[in-house]
Every structure is written in C-alpha cells, then in structure tokens.
Amino acid sequence: MNRKYTDKITCDDCVSCLPFLEDETIDLFLSDIPYGISLDEWDVLHNNTNSALLGKSPAQAGKSAFKRRGKPINGWSRADRNIGQEYQDWVRGWAKAVYPKMKTGASLFVFGARRTLHRVVNALEDESFLLKDVLAWKKECAHHRAQRVSIVFERRGLAEEAEQWQGWRLGNLAPIWEPVAWFTKPYKIGGTIADNILQYQVGAMNVEDCLCNGSSPTNLLEFGFRKGEKRFHEAQKPLDLFEFLIKLTTREDQIVLDPFMGSGTTALAARNLNRRFIGFEISREFCQVAETRLNNVPKDHKPKNSRKQPTLF
Ligand SMILES: C[S@@+](CC[C@H](N)C(=O)[O-])C[C@H]1O[C@@H](n2cnc3c(N)ncnc32)[C@H](O)[C@@H]1O
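Residues numbered from 1 in each chain as written. Predicted model: local features only at pLDDT ≥ 70, side-chain atom pairs only at ≥ 80, totals over all residues.

Peer 1: Tell me about the overall build of the protein, and name the residues and values.
Peer 2: Within the protein one finds 10 helices and 8 strands. Across the 313 residues of the protein, 34% fall into the buried class. Of all intrachain contacts in the protein linking residues separated by at least 6 positions in sequence, the fraction that spans at least 24 positions is 72%. (Helix = DSSP H or I, 4+ residues; strand = E, 2+ residues; numbered from the N terminus. Buried ≥ 20, exposed ≤ 12 C-beta atoms within 10 Å, placed from the backbone. Contact = placed C-beta atoms within 7 Å.)

In structure tokens:
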C-alpha cells in the first residue's frame, strides 16, 4: 500500500491520504507544519469570517506589512480568541490519522511557532503521543520590527508623551529561535525501550553520527542554510537541520513521513541520507517546486555512512 506514496511527494490534502498508508510503517515523522499564525493563505486554519487576515479589512488597505501580519495578537473581536482552539482542532484531525501509521517507539519532530506550539502539544497528547522534549532551532538572524512608542505618539500630536516614552517600543524581542516539539509514539506498557528497539528498530539516538563540533549534540539546534542553498518557500528550513534530525533518529532505508512538504526539504534531506520518504503537499505550485528541486539536486547525494559535519554557525 505504501509503495504508491513512497519516495514521492503526492500533491493532495494529507488528511484525505494518510488513512491509505499501512499501519505501523513510519519510522520518523518530521514536519514543519503550518503554524496557524496567518503567515500566508495556507496558514489560515480557522473559519472566523470576521477576520481581517490577509488584508480583507479597510484598515489594512495600502499597508503591505500589516496585510501580511494580519490582525494584532490581541484580536479584534471575541471570535478571534477562538482561533487557537480551531488550530488545535485542525492539528488533532491529522494527528489522529498519523498515530496508527507510526511504528511503536518512533519519533515525531513537529516544527511550530512559539505562540501556537502549546496547541500542537495539546492536540498530539490528546491523540496519545508523548512529548519527549521541546528543542530550540536557533536561526542565523531574526527579522524584527518593533515600532517606537514615541513615533506613534508624535503622529497623534502628543509631543510631551512622545518625549516621556523615548526609547520604548511596541512588540516583541527579536525572534531568534523556533520551537521543535519532539514526541514519541509510546512503547508497550510492561515492555522496555530496549525491547522496543529490538522489535521495531526505532527509539534510540544516533549520537555518534550527529556530533556537533566534536561534542554530543544538545537540544539547541544551531543550523543555518548552506552557502548557495536556494530559497523556494517562505517557511523553508535548512537542509542541514533536517538532515541532522533524520540522522539522529533513523537508520538507512527507514521511512520518513512529512505530510506538509512545502518545497520538499524533508524529501531532499531523506534522500541525501539514503532514507525513504512519504510526502504530501496540498499546493500544486509547491509540489512543482519540490519536484524540480528533487530532480535538480542529485549531486547532493552523500555516500553511505557519510559522517560529514553539517553547516553549523
Ligand atoms: C510550513 S510549510 C512547509 C515548508 C517546508 N518545510 C520547506 O522547507 O519548504 C507548510 C506547507 O503545508 C502545506 N499544507 C497546508 N495544509 C496542507 C494539507 N492539508 N495537506 C498537505 N499540505 C498542506 C502548505 O501548502 C505549505 O506549503
């Protein structure tokens, strides 16, 4: 059954395809899922029609940055406060379909946003996965806008207040890291993790092949894009980061599942490491991008058992 889906990215809604995979066959789930923060159309995962997301409100006309970011976190109506719960329900829908497909003891790495990851954790726990850790992916740089309060007041003609609030800003600190929730499918009650490794070949960490600057890796993942690594997707992740997570938790020929492939980073990373992959992507445009990417990067293929150090910064 899996053959139809293996080593290709199926251009379809993962929720409708996941049930067709064979049970207990996936060795690793690695996915940079939509974060539910309205980054783009594909990231709006609620039915709140009063929403001003993606520039539908008159207040957003002509303001491109505002249009992209959508409404303030505070929300513009009571219904806006339900967006988190709707996101959690959406995650739970696909997590339920994923659970039977994972091997017992297998790992799941789920990328998320700092503001919405708790919804992902709740949803996966509700579907019986166990949270093992939350890793931090440290980015090379952070895009940051924090408006000066004094300028806001100056625009309102409040010169005295503007003076009093010199140096203060609105918003957040520069977002330099993103969380990666690490779950497992629990092994059998009464058994041990060692029994599970013997039976299912998953559940351990390949530390020796994942040394960072000669030392054991920590849960702070400092990986950047390779020199010349092209960008195809707004949410694209570095190949070295995904290769690290795949190498850490799988052996050659094991199967990596990513139901939200985007530009195909998981597929490329799996193929580079001689792992099999199963991927889904709902957008035809991104499917084509991923296919072109996979077809154009055969030279990236590393020899078996390569111990090359990744791009660290
Ligand atoms: C955060 S992006 C993944 C980016 C990817 N990690 C990369 O490096 O290019 C999430 C992707 O999930 C896709 N997506 C959203 N809902 C989906 C669904 N139900 N089934 C399959 N793909 C979906 C979106 O189109 C988007 O490209």
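Peer 1: Which residues make up the site of the ligand, and what are the values?
Peer 2: Around the ligand sit 20 residues in total, of which Asp32, Phe260, Gly262, Ser263 and Thr265 are the nearest. Partitioned by chemical class, the residues of the shell around the ligand number 10 nonpolar, 6 polar and 4 charged. (Near = placed C-beta within 6 Å. Nonpolar A, V, L, I, M, F, W, Y, C, P; charged D, E, K, R; others polar.)

Peer 1: Tell me about the environment of leucine 45, and please be specific about residues and values.
Peer 2: Among the secondary structure elements, leucine 45 is positioned in the loop between strand 2 (26-32) and helix 2 (64-69). On the neighbour-count criterion, leucine 45 (19 C-beta atoms within 10 Å) is partly exposed. Placed 43 residues apart in sequence, leucine 45 and glutamine 88 show a C-alpha to C-alpha distance of 9.4 Å. Apart from residues lying up to four places away in sequence, leucine 45 is in contact with Pro34, Gly36, Glu86, Tyr87 and Trp90.

Peer 1: So what about helix 8 (residues 239-249)? Which residues, and what values?
Peer 2: Most of helix 8 sits out of view: 10 of its 11 residues are buried. Every buried residue belonging to helix 8 is among Leu239, Asp240, Leu241, Phe242, Glu243, Phe244, Leu245, Ile246, Lys247 and Thr249, and all of these are buried. Elements in contact with the buried residues of helix 8: strand 2, strand 3 (102-111), strand 4 (130-138), strand 6 (220-221), strand 7 (255-258) and helix 9 (265-272).

Peer 1: Residues and numbers for the confidence of the model for the protein, please.
Peer 2: Chain-level pLDDT for the protein is 88 on average; 85% of the residues reach the 70-or-more range. Predicted confidence for residues 299-313 stays below pLDDT 50, and this span has 22 contacts to residues more than four positions away or in other chains. (pLDDT = per-residue confidence, 0-100.)

Peer 1: Lay out the nonpolar core with the relevant residues and their values.
Peer 2: In this structure, Phe29, Leu30, Val110, Ile246 and Val256 are the most contacted members of the largest nonpolar core, which totals 57 residues. Apart from residues no more than four positions distant in its own chain, phenylalanine 29 is found in contact with Val98, Met102, Leu108 and Leu257. (Core = buried A, V, L, I, M, F, W, Y, C linked by C-beta atoms within 7 Å.)

Peer 1: Mind laying out unusual backbone geometry, listing which residues take part and the relevant values?
Peer 2: Backbone geometry at glutamate 24 places phi at a positive 55°, although glycine is not the residue there. For glutamate 24, the position within the fold is in the loop between helix 1 (14-17) and strand 2. Even without a glycine there, the phi angle at aspartate 253 is positive, about 75°. If you trace the backbone, aspartate 253 turns up in the loop between helix 8 and strand 7. What makes aspartate 253 exposed here is the crowd of 9 C-beta atoms within 10 Å.

Peer 1: How would you explain the packing of helix 3 (residues 83-98) against helix 4 (residues 117-126) if you had to name every residue and give the values?
Peer 2: Packing of helix 3 against helix 4 brings their axes to within 8 Å, and their N-to-C directions diverge by 40°. Relative to helix 4, the element helix 3 is oriented oblique. In this structure, helix 3 meets helix 4 at a crossing whose hand is right-handed. Contacts between helix 3 and helix 4 involve Gly84, Tyr87, Gln88, Val91, Arg92 and Ala95 from the first element and Arg119, Val120, Asn122, Ala123, Leu124 and Asp126 from the second. Of the residues assigned to the contact of helix 3 with helix 4, the class counts are 6 nonpolar, 3 polar and 3 charged. (Axes fitted to C-alpha atoms, helices over the stretch in contact; angles between N-to-C directions. Parallel < 35°, antiparallel > 145°, perpendicular 65-115°, else oblique. Left-handed = near helix turned anticlockwise from the far one by under 90°.)

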